[in-house]
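Residues per chain, in single letters:
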Amino acid sequence: MGLTLEACILILKEHHLLKSSAIQDNLSQKFTSATYDSRKVAENGIFFCKGAKFRPIYLQMAKNNGATVYVSEQPYAEGNGMHALIVRNIRKAMSLLAAAFYDYPQDDLFVVAYTGTKGKTTSAYFTRGILNPVTNNRTAMFSTVERVVGPKPEEQFLSDLTTPESLDLFHDMRQAVDNGMTHLVMEVSSQAYKKNRVFGLTYDVGFFLNITPDHIGPNEHPTFADYLHCKLQLLVNARKCVINAETDYFQEVYAAATTTTSPDSIYLFASADYQAPAGIDIDFRFASQEADLAKSRFKLEAGTLKAEQLKITGEYELELIGDYNESNACAAIIGAGLAGATYPDTAKGIANVQIPGRMEKLDVPNHGRVYVDYAHNYASMVALLSFFKKEYHQPHIIVVVGSPGDKGVSRREGFAKALNQLAQRAFITNDDPGFEEPQDIADQIIAGIDPNKVEVTVELDRAKAIELAIKESQPGDIVVLAGKGSDAEQKVRGVNTPWPTDMVVAKDVVAKLRG
Ligand SMILES: CC(=O)N[C@H]1[C@@H](OP(=O)(O)OP(=O)(O)OC[C@H]2O[C@@H](n3ccc(=O)[nH]c3=O)[C@H](O)[C@@H]2O)O[C@H](CO)[C@@H](O)[C@@H]1O[C@H](C)C(=O)N[C@@H](C)C(=O)N[C@H](CCC(=O)O)C(=O)O
Ligand SMILES: Nc1ncnc2c1ncn2[C@@H]1O[C@H](COP(=O)(O)OP(=O)(O)OP(=O)(O)O)[C@@H](O)[C@H]1O
């Protein structure tokens, strides 16, 4: 691990990123640590000045702590006496230099990457579920929930971001390789492209699952077009592409894939009865046989010669219920197939996969059945509630939900719309209010709810809201604790306050009810 100043300059020049440089002495000096956080600088380090809240004082601190080189979009007096690399785009520069600093760990991993508005985490867990036994426990995973960089329990930890900052990403990839991992399944958020966290990274297989309006607002994407553009970048950076042919904007998505990938290396999947546009051959189709409250069963069929060659067709069962998970599973099976897995290993591996915070169930004696689920926008809430409506034959649905502050503002209207369509009762509560007023967020959700269709209570204390919902429920009712999944924090005014998780709170309520 390490990089010389000379190598840095060459890489930056090659990508037309170097504006100017100020080199103090010898170019062959090798630095041995790299960070963007002055509090983590080690001796002989390179320091990246990046971020909305960056202050020049951090560079001063970094210098005091042993940094000898800084990379920045502008020169700072605080960096006098250090080598300076002034670049056109700090995040692009950081990503390229991070890959080089950690000696291109992606070259030693088979990387399967997922993007999409919904289903990334689920598909990533499904893929790892198949590949882990096939690779002898050597499949790493970078997901919204956790990051797995090795086979030992201490090599698995909770994630902060869906896709980490480039420097952290390549660091964790290097650890995975050094821990003997051979495969990596990762989620790539649209923010990862917006913020150049994966700039220069190429995947062996890149997936486009779906797109619906989300993550649009002042702190994320200015427009839907920008959101779509960022997501499409994954396909441009993948050697093989897999696309859900049923996604909205399919033509744009397919066109993006073909800009860098030959149609021979693009795989399309869809449900059995989907009518494909003229001239489009669907490689894989999944035919649902049963998607009930116990299991999903479906058949995967190949529609083209290249699909047949993967040897992954056959009957499949999923323990993770929710009919939409058949589409996620289909993606994961193709991903694992392209990584070398074949049937029946693919069927064995996926059958019992469970995912923290997705479709977790709790029966409450003398009350309803509780589900904790990470549904947190219009599309996922509709998919979830529609599944319950169908499987439980028009149950009374009680939903506990809130919407985060500072991001995804369209979710507020989306929740109201989904509740109007499918729920009878709602408790509007807190979910990471951030720097916004919780009551304002609740008011914005309520503004869209039709009181003739849904009875609403606002209870901003999430634990109390969960308790009220469960206590009120009758046998046969469905109580949905939506939006937080297995999240163990509430983000309030810049502070990540511990949250026991929705399921733990629900279990406490049940314990109290039992007396
Ligand atoms: C917009 C964005 O990319 N934000 C991320 C980014 O912030 P930033 O680069 O602006 O940095 P900053 O937090 O303003 O801090 C300024 C800099 O000063 C440094 N610093 C700070 C203090 C100090 O004493 N010394 C010091 O050097 C910090 O290390 C940092 O580099 O870098 C931070 C880590 O350095 C991240 O925590 C932060 O994620 C924000 C909080 C976040 O939550 N982003 C969300 C929207 C996100 O990316 N979500 C997607 C999923 C959404 C989707 O599905 O699309 C994700 O991939 O997780
Ligand atoms: N294919 C799908 N279509 C619609 N809704 C889905 C689909 N897959 C999952 N969901 C719903 O979305 C929720 C989140 O799923 P998952 O975590 O897999 O998505 P994600 O893309 O990782 O989401 P995020 O980017 O918000 O972390 C699930 O709990 C479920 O309610």
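Computed from a prediction, not measured in an experiment: that's the story for all the values here. (Residues numbered from 1 in each chain as written. Chains lettered and ligands numbered in written order. Predicted model: local features only at pLDDT ≥ 70, side-chain atom pairs only at ≥ 80, totals over all residues.)

### Topic: the nonpolar core
Selection criterion: By definition, a nonpolar core groups buried Ala, Val, Leu, Ile, Met, Phe, Trp, Tyr and Cys residues that are joined through C-beta atoms within 7 Å. Labels follow a simple rule on C-beta atoms placed from the backbone: if 20 or more others lie within 10 Å of a residue's own, it is buried; if 12 or fewer, it is exposed; otherwise it is partly exposed. Secondary structure counts use DSSP, requiring at least four H or I residues in a row for a helix and at least two E residues in a row for a strand, with both numbered from the N terminus. This entry defines residue contacts through backbone-placed C-beta atoms, with two residues in contact when those atoms are within 7 Å.
Ranked by size, the top nonpolar core spans 154 residues in total, and within it Val71, Ala113, Leu184, Phe269, Ile333 and Val399 carry the most contacts. Top contributing element to this core by residue count: helix α3 (residues 90-101), with 8 residues. Excluding residues within four positions of it along the chain, leucine 184 makes contact with Leu109, Val111, Ala140, Phe142, Met173 and Ala176.

### So, the UniProt feature "domain: Mur ligase C-terminal" (unreviewed entry) in the chain
Defined as follows: UniProt positions are given in the numbering used here, feature names are shortened, and annotations may be inferred rather than shown by experiment.
The UniProt entry lists residues 357-485 under the feature "domain: Mur ligase C-terminal" (unreviewed entry), expressed in the numbering used here. The span residues 357-485 is 37% helix and 21% strand, and its two end C-alpha atoms sit 4 Å from each other.

### Examining the site of ligand 2
To keep it simple, the criterion reads: We call a residue near a molecule or strand if the C-beta atom, set from the backbone, is within 6 Å of it. When residues are sorted by character, Ala, Val, Leu, Ile, Met, Phe, Trp, Tyr, Cys and Pro go into the nonpolar class, Asp, Glu, Lys and Arg into the charged class, and all the rest, Gly among them, into the polar class. Each domain span listed reflects an automatic or database assignment of domains.
Among the 21 residues in the neighbourhood of ligand 2, the closest are listed as Lys120, Thr121, Thr122, Ala375 and Ser380. Residue assignment for the shell around ligand 2 shows that the elements contributing at least two residues are α4 (120-134), α10 (325-338) and α12 (378-391). Counting residues per element, the shell around ligand 2 draws most heavily on α12, at 4 residues. Residue composition of the shell around ligand 2, grouped by class: 6 nonpolar, 10 polar and 5 charged. Among the domains, domain 2 (105-351) and domain 3 (360-514) are the pair contributing at least three residues each to the shell around ligand 2.

### So, the site of ligand 1
Taken together, 22 residues surround ligand 1, and among them Gly51, Lys53, Leu161, Thr162 and Ser189 come closest. For the shell around ligand 1, the class distribution of residues is 6 nonpolar, 8 polar and 8 charged. Residue assignment places the shell around ligand 1 across two domains, with domain 1 (3-101) and domain 2 (105-351) each supplying three or more.

### Brief notes about the packing of helix α13 (residues 410-422) against helix α14 (residues 438-447)
The following threshold applies: An axis is simply a line fitted to the C-alpha atoms; with a helix, the fit covers only the stretch in contact. Between two such axes, the angle follows the N-to-C directions and lies from 0 to 180 degrees. Between 65 and 115 degrees an angle is taken as roughly perpendicular, under 35 as roughly parallel, over 145 as roughly antiparallel, and anywhere else as oblique. Handedness of a crossing is defined here by the sense of rotation of the near helix relative to the far one, left-handed for an anticlockwise turn of less than a right angle and right-handed for a clockwise turn.
Put simply, α13 and α14 touch, their axes get as near as 7 Å, and they point 45 degrees apart. It follows from the interaxial angle that α13 and α14 lie oblique. Crossing of α13 over α14 shows right-handed handedness. Touching Arg412, Phe415 and Ala416 of α13 are Ile441, Gln444 and Ile445, all from α14. Partitioning the contact of α13 with α14 into residue classes produces 4 nonpolar, 1 polar and 1 charged.

### Here's the deal with unusual backbone geometry
With an omega dihedral of 10 degrees, the bond running from tyrosine 343 to proline 344 counts as a cis peptide bond. The residue proline 344 is located in the loop between α10 and α11 (345-351) in this model. Its identity is not glycine, yet asparagine 44 carries a phi of approximately 55 degrees, on the positive side. Position of asparagine 44 relative to the elements: it lies in the loop between β4 (33-35) and β5 (45-48). According to the C-beta neighbour criterion, asparagine 44 is partly exposed, with 15 such atoms within 10 Å. Residues other than glycine seldom take positive phi values, yet asparagine 136 does so here, at roughly 60 degrees. Relative to the helices and strands, asparagine 136 resides in the loop between α4 and β9 (139-142). Judged by local crowding, asparagine 136 falls into the exposed class, with 10 C-beta atoms found within 10 Å.

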